[in-house]
Amino acid sequence: MKLTYHGHSVVMITTDDGTRIIIDPFITGNELTDLISSDVQADYLLITHGHGDHIGDMVEIAKNNQATVIAIPELTHYAITQGVDTVHSLNIGGAFDFPFGRVKMVFAQHSSGYEIDGQMVYMGEPAGFVLQIDGKTIYHAGDTAYFSDLALLNDDFTIDVAFLPIGDNFTMGPDDAVKASQKIQAKTVVPIHYNTFPVIKQNPEEFVAKLPKGMGYVMQVGDELNL
């Protein structure tokens, strides 16, 4: 399995059988990404919550690829209204076995709303995802704040790679992400959701330096991690 980081919170997972899963495909308007939305190939899209920098190019990519959108029901409903043909709704605490592996939707402490025709529309609760694919476990935290129940993930899973936001202001900052890392106890922690905008400017190397040796790993845009 291959994990590729594409800036902000965008992560592409390519499974051993070639299935392509993209998480939070914010491409248009993301100056840090190396992707072009019209070129993205994906079989599944996982959306953690309904903010523009996470919904991003969901509709275009799903339509171009006849891909399945996996998200909370309010978000999948929105996708359907925009002409997306195939969706799968999950809710907090729920899990489902897809052809590529198992996906569980877990708590995130954040908010979720999307502006449509000048009005802010509720897009369901924010979430994170735990994916069990090809014998490995991946956690994408979405935009969560730090909260003590993150320790429950370590009770239920041995996480190989955790993608945690460090940008502060809208999400956890570096210090809270260190505390979250201690709770989750993932083998590898990759910082995300930083430097895209001035208000979330951070130094990921400083964050990694605060973690136990060998736990933190800074992925540059376009970097791949093989599991």
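Residues numbered from 1 in each chain as written. Predicted model: local features only at pLDDT ≥ 70, side-chain atom pairs only at ≥ 80, totals over all residues. Heavy atoms only, no water.

Identification of the chain as UPF0173 metal-dependent hydrolase BW732_03525 from Vagococcus penaei is taken from an unreviewed UniProt entry. What UniProt states about the chain under its Sequence similarities (unreviewed entry) heading is, verbatim, "Belongs to the UPF0173 family." (UniProt positions renumbered as here; feature names shortened; annotations may be inferred.)

Draft legend 1. The arrangement of the sheet that holds strand 4 (residues 44–46) in detail. Judged by pairing direction, the sheet is mixed, and its 7 strands sit side by side in the order 6-5-4-3-2-1-15 without closing on themselves. Bordering the open sheet on either side are strand 6 (86–89) and strand 15 (224–226), each of which pairs with just one other strand. Along the sheet, successive strands turn relative to each other by an average axial angle of 20°, direction set aside. Strand direction decides the pairing type here: strand 3 (residues 20–23) and strand 4, joined by 3 bridges, are parallel. Within strand 4, the residue paired with I22 across the bridge is L45. Lying on the sheet, helix 3 (residues 73–81) is in contact with strand 5 (68–71) and strand 6; it crosses strand 6 at an angle near 170°. (Pairing = 2+ DSSP bridges. Helix = DSSP H or I, 4+ residues; strand = E, 2+ residues; numbered from the N terminus. Axes fitted to C-alpha atoms, helices over the stretch in contact; angles between N-to-C directions. Contact = heavy atoms within 4.5 Å.)

Draft legend 2. Up close: the pattern of salt bridges. Applying the stated criterion across every chain yields a total of 6 salt bridges. The shortest N-O distance in the salt bridge between E224 and K2 comes to 3.6 Å. Here the residue E224 occupies a position in strand 15, and K2 occupies one in strand 1 (residues 2–5), the gap between them amounting to 222 residues. Look at E224 and you get partly exposed, because its relative accessible area is 42%. (Salt bridge = Lys/Arg side-chain N within 4 Å of Asp/Glu carboxyl O. Buried < 20%, exposed > 50% of the residue type's maximum accessible area, 1.4 Å probe, protein only.)

Draft legend 3. Broad picture of helix 5 (residues 174–184). Three or more residues of helix 5 are buried, namely P174, A177, V178, A180, S181 and I184. Looking straight down helix 5, one finds that the buried residues subtend no more than 165° of arc, so they occupy a single side. Contact partners of the buried residues in helix 5: strand 12 (136–140), helix 4 (151–156), strand 13 (161–165), strand 14 (188–192) and helix 6 (204–209). (Arc of directions from axis to C-beta.)

Draft legend 4. Region of the structure containing the side chain of S181. With respect to the helices and strands, the residue S181 is situated in helix 5. Residue S181 is classed as buried on the basis of its relative accessible area, which comes to 1%. Setting aside residues no more than four positions away along its own chain, S181 makes contact with L164, A186, V189, F207, L211 and M215.

Draft legend 5. Main features of the sheet that holds strand 14. Strand order in the open sheet made by the 6 strands is 7-8-11-12-13-14, with mixed pairing throughout. In this open sheet, the two strands that pair with only one neighbour each are strand 7 (95–98) and strand 14. Between one strand axis and the next, the sheet turns by 20° as a mean value, whatever way the strands run. Looking at chain direction, strand 13 and strand 14 are connected through 5 bridges and run parallel. Residue pairing in the sheet places A162 in a bridge with V189 of strand 14. The sheet strands contacting helix 5 are strand 12, strand 13 and strand 14, and the helix crosses strand 13 at an angle near 155°.

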